[in-house]
Amino acid sequence: MLRAGFDSLLSLVMFLVFTGFAVAAFAFAAIAREDAYRAADKQTKKFWLIILGVNLALALLLPSSMFFLQIAGLIAAIVFMVDVRPALAQVSGGGRGGRRGGGSSSDGPYGPYNGGR
């Protein structure tokens, strides 16, 4: 009985993680501009939306007995999030490494910080 409860809890957690990751990857793919995919030298936006949309559908519709298909979809979402999304952000000017707008290191979210002067 305890094992059955653990298995159902594990299945629920995996479903939530896979589905949440699929939704996030699909949302990021949909938000990015079409020309950013070409500029980053990645597959087209339509390609990624189809792949990630199928992944999302698999995560939502397939029973846990089709686990290998869910793993394949998770791998596609991981590839998008780890490889494609950072390349799109870098091309679009939203990279994590640099500051937007070329401000100084003392700039805050509303402008320069002058130490209370």
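In this text the structure is predicted, and so the values were computed from the model without any measurement.

Enquirer: Just to check I follow, could you spell out the overall build of the protein for this structure?
Expert: The helix and strand inventory of the protein stands at four helices and two strands. Taking as baseline every contact in the protein between residues at least 6 positions apart, the subset at least 24 positions apart corresponds to 61%. For the protein, the exposed surface amounts to about 8,200 Å²; the carbon and sulfur share of it is 66%.

Enquirer: Please clarify how the pattern of salt bridges should be interpreted in this entry.
Expert: When charged atoms on two side chains of opposite charge get close, those side chains can pair. By the definition in use, this model includes three salt bridges. Lysine 42 is the partner of aspartate 83 in a salt bridge, and the nearest nitrogen-oxygen pair spans 3.1 Å. Placement of aspartate 83 in helix H4 (residues 67-92) and of lysine 42 in the loop between helix H2 (34-39) and helix H3 (45-61) is noted, with a sequence separation of 41 residues between them. Of the residues examined, aspartate 83 reaches a relative accessible area of 38% and is grouped as partly exposed.

Enquirer: I'm lost on the side chain of asparagine 55 in this one. Help?
Expert: Here asparagine 55 shows up in helix H3. Overall, the relative accessible area of 6% leaves asparagine 55 in the buried class.

Enquirer: Would you take a moment to explain the UniProt feature "transmembrane region" (unreviewed entry) in the protein for this structure?
Expert: According to UniProt, the positions carrying the feature "transmembrane region" (unreviewed entry) are residues 12-32 and 44-61. With 95% helix and 0% strand, residues 12-32 has end C-alpha atoms that lie 30 Å from one another.

Enquirer: Got a minute to help me understand H3 in this structure?
Expert: Note: α-helices contain 3.6 residues per turn, so residues at a spacing of three or four share the same orientation. Here H3 spans 24 Å end to end across 17 residues, near enough to the 24 Å set by a 1.5 Å rise per residue. For H3, the full list of buried residues reads Lys45, Trp48, Leu52, Asn55, Leu56 and Ala59. Take H3 and look down its axis: the buried residues cluster within an arc of 100°, on one side only. Opposite the packed face of H3, turned more than 90 degrees from it, sit the exposed residues Lys46, Ile50 and Leu61. Elements in contact with the buried residues of H3: helix H1 (2-31), H2 and H4.

Enquirer: What's the story with the nonpolar core in this structure? I'm lost.
Expert: Taken as a class, soluble globular proteins show a tendency for nonpolar side chains to be buried jointly. Core analysis: the largest hydrophobic core is formed by 14 residues, its most contacted members being Ala25, Tyr37, Trp48, Leu52, Phe80, Val84 and Leu88. Setting aside chain neighbours within four positions, we find leucine 52 in contact with Ala25, Phe26, Ala29, Ala76, Ala77 and Phe80.

Parameters and conventions
Residues numbered from 1 in each chain as written. Predicted model: local features only at pLDDT ≥ 70, side-chain atom pairs only at ≥ 80, totals over all residues. Heavy atoms only, no water. Helix = DSSP H or I, 4+ residues; strand = E, 2+ residues; numbered from the N terminus. Contact = heavy atoms within 4.5 Å. Areas by Shrake-Rupley, 256 points an atom, 1.4 Å probe, with all protein chains shown as cover. Salt bridge = Lys/Arg side-chain N within 4 Å of Asp/Glu carboxyl O. Buried < 20%, exposed > 50% of the residue type's maximum accessible area, 1.4 Å probe, protein only. UniProt positions renumbered as here; feature names shortened; annotations may be inferred. Expected span 1.5 Å × (residues − 1). Arc of directions from axis to C-beta. Core = buried A, V, L, I, M, F, W, Y, C linked by side-chain atoms within 4.5 Å.

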